Amino acid sequence: MVASQVHLVRHGEVFNPDGILYGRLPGFGLSKLGHRMAQAAADEIVSRGRAVLSVRVSPLQRTRESAAPILSAVGLDPTIDDRIIEPTNHFEGTVMRRALKKPQNWPFLVNPLRPSWGEAYSSIEKRMRAAIDEAFESVDEGDVVLVSHQLPIWVAHLSVAGERFWHDPRTRRCALSSITTFERTTAPAEAAPRESTLSREGGFDGAPEEKAQAAPAARLIEVGYVEPAADLLASATDVGAV
């Protein structure tokens, strides 16, 4: 048996009056609004009436504080998981709009496909998928919550959806204190229509040969996305990571 669902919860608004790209820097906790957002996420989790048996948390202050109301509601202690931490970033500690005007920083912008300014998307995918898989295996029933950050959650979404990793950060569907939910399924993904095959001689030899099917492997599917703090987002600032 495994967990029924794994919920990826993003942290709430961070107190960041100077607009620093804080990344993994210490000392960046939630604002007053961010605490309200975190409580909204906890209320949403509780309102579903599902048993939460484990809460795994990125080690950074903002995620620990965002996890607190969830932990209080379900009566658990956190499990710290370094694999769901914010990615590394060359621009950490800077104000992005100023950093982009400095020629010495331009070489870090040459490859948005990787991206060249920070941890590779493929690296983020690997650690996030491993953390999610372990979360499913960590309990025999019930749900698991992972409190993480925007880019790791978005890369997990793209990975599960089979979409390309390169994207405009402004288009990420991963708002503050949002909840993205995954399940495991053995149902096959939609397959392309079967077609006749072309023989080596140039003629058609009919439908492809049937092969014995192995037992279907479990795969991840995304089953939900909600923004419990939607009514607070208009007043929030969200500039701390790329």
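Everything here concerns the structure above.
What you are looking at is a predicted structure, and each value in this text was computed from that prediction instead of being measured.

## As for the pairing of strand β2 (residues 52-57)
It is a general feature of regular strands that their side chains alternate between the two faces of the sheet. Taken across its six residues, β2 has five buried, putting it largely inside the fold. Relative to strand β4 (residues 143-148), β2 runs parallel, the two being bridged by five bridges. Within β4, the residue paired with V57 across the bridge is V147. The pairing of β2 with strand β3 (residues 79-80) spans two bridges and is classified as parallel. Across the sheet, V57 pairs through a bridge with I80, a residue of β3. In this fold, the crossover linking β2 to β3 by way of helix α2 (residues 61-74) has right-handed handedness.

## Quick look at a positive patch on the surface
Together, R97, R98, K101 and K102 make up a positively charged patch on the protein surface. When you line up the elements, R97 lands in helix α3 (residues 96-99).

## Focus on the side chain of E13
Along the chain, E13 turns up in the loop between β1 (5-10) and α1 (32-47). One buried charged residue, E13, remains without a salt bridge, the closest side chain of opposite sign being R36 at 8.8 Å. For E13, the side chain forms a polar contact with the side chain of S31, separated by 2.4 Å. Here T237 takes part through its backbone nitrogen, which lies 2.7 Å from a polar atom of the side chain of E13. For E13, the residues in contact, after removing those within four places along its chain, are L30, S31, L33, G34, M37, L176, S235, A236 and T237.

How each quantity is defined
Residues numbered from 1 in each chain as written. Predicted model: local features only at pLDDT ≥ 70, side-chain atom pairs only at ≥ 80, totals over all residues. Heavy atoms only, no water. Buried < 20%, exposed > 50% of the residue type's maximum accessible area, 1.4 Å probe, protein only. Helix = DSSP H or I, 4+ residues; strand = E, 2+ residues; numbered from the N terminus. Pairing = 2+ DSSP bridges. Right-handed = clockwise from strand over helix to strand, strands pointing away. Patch = residues over 30% accessible without salt bridge, like charges linked within 9 Å, V, L, I, M, F, W, Y side chains within 5 Å. Areas by Shrake-Rupley, 256 points an atom, 1.4 Å probe, with all protein chains shown as cover. Salt bridge = Lys/Arg side-chain N within 4 Å of Asp/Glu carboxyl O. Lys, Arg positive; Asp, Glu negative; His and termini not counted. Charge placed at Lys NZ, Arg CZ, Asp CG, Glu CD. Polar contact = N/O pair within 3.5 Å; in protein donor to acceptor, adjacent residues only side chain to side chain. Contact = heavy atoms within 4.5 Å.

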